[in-house]
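Residues per chain are reported as follows:
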Amino acid sequence: AGAIAIDLLPAVLVFVLLVVQAAIRGGREPVDPSEAFTLAELRAAMAGLREVEVARIDIEKTVSEEEIAAESSSSVESVDDAGRVTPLAPGRSG
């Protein structure tokens, strides 16, 4: 009797596995093919995202360098007609 049980054990385990997988798949909602990504599409999207991030970082560096240059030039002191020097506060005009 023990030998028969050992011989049937793999079949029982496979049957249980089939039932469990069917229950898991049955609980899923169907996916519209237009919403599904292939691996190639996902890789292309990720590569595009990296390119956009690199471009954004380059733009931020350029803008920050321009702001630094603008702040440096705006903090220059001006001389009025009487020869007095009046310092300009950053962000304020005249």
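Here, the structure is the one placed above.
Values in this document were obtained by computation on a predicted structure and should not be read as measured data. Numbers given for residues are sequential positions, taken from 1 along each chain in its written order. The predicted origin of the model limits local features to residues at a pLDDT of at least 70 and limits the giving and counting of side-chain atom pairs to 80 or more, whereas totals for whole chains, interfaces and linings rest on all residues. No hydrogens and no water enter the side-chain calculation; it runs on all heavy atoms of the structure.

A. Quick look at the overall build of the chain. Check the secondary structure of the chain and you find 2 helices and 2 strands. The classification of residues rests on relative accessible area computed with a 1.4 Å probe and restricted to protein chains. Under 20% of the type maximum is buried, over 50% is exposed, and intermediate values are partly exposed. The proportion of buried residues among the 94 residues of the chain is 0%. Here the chain has roughly 8500 Å² of accessible surface; of this, 64% comes from carbon and sulfur atoms. Each helix is a run of DSSP H or I of at least 4 residues and each strand a run of E of at least 2, with the numbering of both proceeding from the N terminus. Using a 1.4 Å probe, accessible areas were evaluated by the Shrake-Rupley method; residue-level cover was limited to the displayed protein chains.

B. Just the pattern of salt bridges, in detail. Should a side-chain nitrogen of Lys or Arg be within 4 Å of a carboxyl oxygen of Asp or Glu, the pair is scored as a salt bridge. Under the definition given, this model contains 1 salt bridge. For the salt bridge of Arg-56 with Glu-60, the shortest nitrogen-to-oxygen distance reads 2.9 Å. Pair noted here: Arg-56 and Glu-60 are both in helix H2 (residues 39–74), with a separation of 4 residues, about one helical turn. Take Arg-56: its relative accessible area is 45%, and that puts it in the partly exposed class. Judged by relative accessible area, which is 44%, Glu-60 ranks as partly exposed.

C. Main features of helix H1 (residues 2–26). By this rule the span expected of a helix is its residue count minus one, scaled by 1.5 Å. Between the first and last C-alpha of H1 there are 36 Å, a value that for 25 residues agrees with the 36 Å anticipated at 1.5 Å per step. One axis is fitted to the seven residues ending at the residue and one to the seven starting there. The bend at that residue is the angle between these axes. Its maximal kink placed at Leu-8, H1 deviates by approximately 35°, while the proline Pro-10 follows within four residues.

Functional significance is not addressed by these values, which are geometric in nature.
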